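# A structural walkthrough
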Amino acid sequence: MTPKWRELADKLAEQIKRGDYAPGKQLPQIRELVAKGEGSKSTVHQAYKALEAEGLVTSSRGHGTVVRERVPLKRLGIARYDKAKWRDGDEVAFIADRVASGRSYRRNEQTQTVSLVEAPPAVAAAHGLPEGAEVYARARLVKEGDQPTHTLTSYYRPEHVEGTRLVDPTPGPAGRGGGFRVLYDAGYEIDHMKEELFARAPTPDEVKLLQLPPGEPVVELHRTTYTASGTVVEFAIGVHAASRFAWEYDFKVPDSAKEKGQ
C-alpha cells in the first residue's frame, strides 16, 4: 500500500510538471493543505521533503517551498571553444554559454584562486609528469548572479604559464580572451581537446559551495587541451550542478571508411 505522503507527493509533482505551479512560485503552506484534507501536518511535510529530494522544489526559512527554475543554461560543446571567440574577440567559454542561452553576464561572476601545488594523480598522468611534481592550479567558481553554477580548476605546467596572467588571482577571466588567449600569446596555440563527462553524487563541500538542494547530482568534466604537436597545455576538472546545464554538441559526422580511402 502506497503511503499517504507518497500519494500526495506524486499528485503535487504532476501538478508542477503540468504547470499548475510555475517555476519560482510558492506551494501552499502546509497548514493550507491540512485544512483541505490532503493529510496531517506530518504527511504534508514528508511529501514536501520528497519533492525537495527529487529536485522539484526548494525550501528555505522565510520563503516556504518554491518550485525550482527548470530552464538550464545551454552548455555549448565544440562551439564554445571557437578560436574566433577568444583569439579575435573577448568571449571566453563561460560567457559563450551565457550568450548562446540569451542570459546576461558579468566578467567578475568568475572568481579564482591560483596556487602552486603538487600534481594529483590524474593531473600528473594528463601532463605526463611524475606524481608530486609542481603544477599551477587555477581554481574558479562561476556564478549566475548570486547562484553558483559550477567550479573549474585548470592545471598547468609552470614553464608554460610562469609570469603570465594565468597565475594572477584577479577575479574574472585572465584578461581579454581569457586563458586560451594567454596560452596563444605565449606560443601554445590550442589545437584539439578531449572532454570526459560523468555524473556522480556531490561531496558535502560541493553541496555547500554550489548551494545544491538535497538530491541534486553533479556532472564532473575532465578536459585535456593540446597543441597541434600534442603537448598538453591544460588539464581541467569542472564540477557542474546537473540541473543548471544542458549540454549541446553540433559536429560533422565522421566517415572513417571514406577518410581511409583518400
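Residues numbered from 1 in each chain as written. Predicted model: local features only at pLDDT ≥ 70, side-chain atom pairs only at ≥ 80, totals over all residues. Heavy atoms only, no water.

## Focus on the overall build of the protein chain
Per the secondary structure count, the protein chain includes 10 helices and 10 strands. Classification of the 262 residues of the protein chain by burial places 41% in the buried group. By sequence separation, contacts in the protein chain at least 24 residues apart represent 61% of the contacts at least 6 residues apart. Of the roughly 14,100 Å² that the protein chain leaves accessible, carbon and sulfur atoms contribute 52%. (Helix = DSSP H or I, 4+ residues; strand = E, 2+ residues; numbered from the N terminus. Buried < 20%, exposed > 50% of the residue type's maximum accessible area, 1.4 Å probe, protein only. Contact = heavy atoms within 4.5 Å. Areas by Shrake-Rupley, 256 points an atom, 1.4 Å probe, with all protein chains shown as cover.)

## A look at the pattern of salt bridges
One pass over the full model with this rule turns up 10 salt bridges. Ionic pairing is found between Glu52 and Lys49, a salt bridge with its closest N-O pair at 3.6 Å. Within this pair, Glu52 and its partner Lys49 are both found in helix H3 (residues 41-53), separated by 3 residues, close to a single helical turn. Residue classification places Lys49 among the partly exposed residues on the basis of a relative accessible area of 46%. One salt bridge connects Lys83 with Glu189, and the closest N-O pair in it is separated by 2.8 Å. Placement of the pair is Lys83 in helix H4 (residues 83-86) and Glu189 in the loop between helix H8 (178-185) and strand E7 (192-200), with a sequence separation of 106 residues. It is possible to trace a salt-bridge network through shared partners that takes in Arg200, Glu206 and Glu220. (Salt bridge = Lys/Arg side-chain N within 4 Å of Asp/Glu carboxyl O.)

## Quick word on the side chain of Gln15
In this structure, Gln15 sits in helix H1 (residues 4-18). Look past the residues within four positions of Gln15 in its chain and what remains in contact with it is Asp20 and Tyr21.

## Re the side chain of Ser154
Within the secondary structure, Ser154 is located in strand E6 (residues 147-156). Separated by 2.9 Å, the side chains of Ser154 and Arg140 make a polar contact. Leaving out residues up to four positions away in the same chain, Ser154 has contacts with Tyr136, Ala137, Arg138, Arg140, Arg223, Glu234, Phe235 and Ala236. (Polar contact = N/O pair within 3.5 Å; in protein donor to acceptor, adjacent residues only side chain to side chain.)

## Quick look at the nonpolar core
One finds Leu12, Ile16, Leu27, Tyr48, Leu51, Leu56 and Val57 to be the most contacted residues of the largest nonpolar core, which totals 15 residues. Among the elements of the structure, H1 and H3 are those that each provide at least two residues to this core. Non-local contacts of Tyr48, meaning those with residues more than four positions away in its chain, are made with Leu12, Leu27, Pro28, Ile30, Leu33, Val57 and Thr65. If you look at the next biggest cluster of nonpolar residues, it comprises 13 residues, including Tyr81, Ala93, Tyr156 and Val182. (Core = buried A, V, L, I, M, F, W, Y, C linked by side-chain atoms within 4.5 Å.)

## Looking at the environment of Arg80
By the element assignment, Arg80 lies in the loop between strand E3 (73-76) and H4. On the basis of relative accessible area, Arg80 is assigned to the buried category, the value being 3%. On a C-alpha basis, the gap between Arg80 and Tyr249 in space is 9.8 Å, while along the polypeptide they are 169 residues apart.

## Looking at the packing of aromatic side chains
In this description, a pair of aromatic rings is defined by centroid distance and the angle of the planes. For the structure on display, the rule yields 1 aromatic pair. Arranged with centres 5.7 Å apart and planes meeting at 45 degrees, the rings of Phe245 and Trp247 form a pair that is tilted. (Phe/Tyr/Trp six-rings, centres within 6.5 Å; stacked < 30°, edge-to-face > 60°.)

## Quick look at the packing of H1 against H3
One way to put it is that H1 packs onto H3 with a least axis distance of 8 Å and a crossing angle of 50 degrees. Relative to H3, the element H1 is oriented oblique. You can see that H1 and H3 cross each other, and the crossing is right-handed. Counted together, Lys4, Trp5, Arg6, Leu8, Ala9, Leu12 and Ala13 of H1 and Thr43, Val44, Gln46, Ala47, Tyr48, Ala50 and Leu51 of H3 form the full contact between these two elements. Here the contact of H1 with H3 is built from residues that sort into 10 nonpolar, 2 polar and 2 charged. (Axes fitted to C-alpha atoms, helices over the stretch in contact; angles between N-to-C directions. Parallel < 35°, antiparallel > 145°, perpendicular 65-115°, else oblique. Left-handed = near helix turned anticlockwise from the far one by under 90°. Nonpolar A, V, L, I, M, F, W, Y, C, P; charged D, E, K, R; others polar.)

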